[in-house]
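# Observations on the model geometry
Chain by chain, the residues run as shown.
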Amino acid sequence: MAKKRIPTSISFIAVATFALLGGGCSMESVPADRRRQAEAAHDEYERKSQAESAAAQRQRTEEFQRRIADPGSLSIQESDAEIEGLRSPSSIRRASAAEKLGDAKGPRAVNALIAALRTEADPAAFSAIADALSNIHDGRAVDAYVDALSAPGMPDDAREHALNAILENRSEFRFVPQIRRFYESLTDASVKARVRPLVERYIN
């Protein structure tokens, strides 16, 4: 809405300024009162334009905040309980929480899942967290996927889930060097054979 009003405002100011300047007269030849009116009209336009821009930015921010607070198919209370479950001392509970959050597809859980993926030491829970983020399909998680490709001490088949998430997000073209290093680091022959068709186009 704000963007549509700006051209009209510009046209109005241009016409008003032209009239105030007396057609084709130069600024120097315009009486002081007309020059002041033209400057006041210009200042008013600038104020309105800035106010409209600020209102549009506030609206975008509010919409983003609403989106990332969405718990998906869970209630807010259920989502927050599963987010808390990501911090459980039990790896089984952490994996279960990740699966439920991934199935719910709620952006509300993304930041917590990212934090969990960066610190998870259990391969099964690590894989479940990566899959959950992939299911939610939120661009905020892409950097965490890339880091997970080289997670220290994590077996090949668990790190493969991070690669699948990158491919699912269609971000592979941005991370060719990291994908190459991931492929070269693989020692599990079955994982390497499974991954080869997916990555060989990027590593050659």
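Before going into details, it helps to say that this report is about the structure given with it. This structure is a prediction, so every number in the text was calculated from the model and none was measured.

## Observations concerning the environment of serine 96
Inspection of the secondary structure assignment puts serine 96 in helix H4 (residues 91-104). Distance from serine 96 to alanine 125, taken between C-alpha atoms, is 8.1 Å for residues 29 residues apart in sequence.

## So, helix H6 (residues 123-136)
With 14 residues, H6 extends 20 Å between its outermost C-alpha atoms, agreeing within 8% with the 20 Å of an ideal straight helix rising 1.5 Å per residue. Burial analysis of H6 places 10 of its 14 residues in the buried class, the great majority of the element. Turning to H6, its buried residues number three or more, namely Ala125, Phe126, Ser127, Ala128, Ile129, Ala130, Ala132, Leu133, Ser134 and Ile136. Residues of H6 that are buried make contact with H4, helix H5 (110-119), helix H7 (142-148) and helix H8 (156-168). Where H6 ends, the next residue or the one after it, histidine 137, has phi of about 60°, a positive value.

## Topic: the packing of H8 against helix H9 (residues 176-185)
Running from N to C, H8 and H9 point in directions that differ by 160°, and their axes come no closer than 11 Å. Considered as vectors, H8 and H9 are oriented roughly antiparallel to each other. Classified by chirality, the crossing of H9 by H8 is left-handed. Together, Asp156, Arg159, Glu160 and Leu163 of H8 and Ile179, Phe182 and Ser185 of H9 make up the contact between the two elements. When grouped by side-chain class, the residues that make up the contact of H8 with H9 number three nonpolar, one polar and three charged.

## A look at H5
The set of residues buried in H5 consists of Val110, Ala112, Leu113, Ile114, Ala116 and Leu117. On its buried side, H5 packs onto helix H3 (76-85), H4, H6 and H7.

## Thoughts on the environment of leucine 186
Among the secondary structure elements, leucine 186 is positioned in the loop between H9 and helix H10 (189-203). Its relative accessible area of 5% is what places leucine 186 among the buried residues. Distance from leucine 186 to aspartate 156, taken between C-alpha atoms, is 6.1 Å for residues 30 residues apart in sequence. In this view, leucine 186 contacts Asp156, Arg159, Val191, Lys192 and Val195; residues no more than four positions away in its chain are not counted.

Here is what the cut-offs are and how they apply
- Residues numbered from 1 in each chain as written.
- Predicted model: local features only at pLDDT ≥ 70, side-chain atom pairs only at ≥ 80, totals over all residues.
- Heavy atoms only, no water.
- Helix = DSSP H or I, 4+ residues; strand = E, 2+ residues; numbered from the N terminus.
- Expected span 1.5 Å × (residues − 1).
- Buried < 20%, exposed > 50% of the residue type's maximum accessible area, 1.4 Å probe, protein only.
- Contact = heavy atoms within 4.5 Å.
- Axes fitted to C-alpha atoms, helices over the stretch in contact; angles between N-to-C directions.
- Parallel < 35°, antiparallel > 145°, perpendicular 65-115°, else oblique.
- Left-handed = near helix turned anticlockwise from the far one by under 90°.
- Nonpolar A, V, L, I, M, F, W, Y, C, P; charged D, E, K, R; others polar.

So far we have only geometry, and geometry alone does not tell us how the molecule works.
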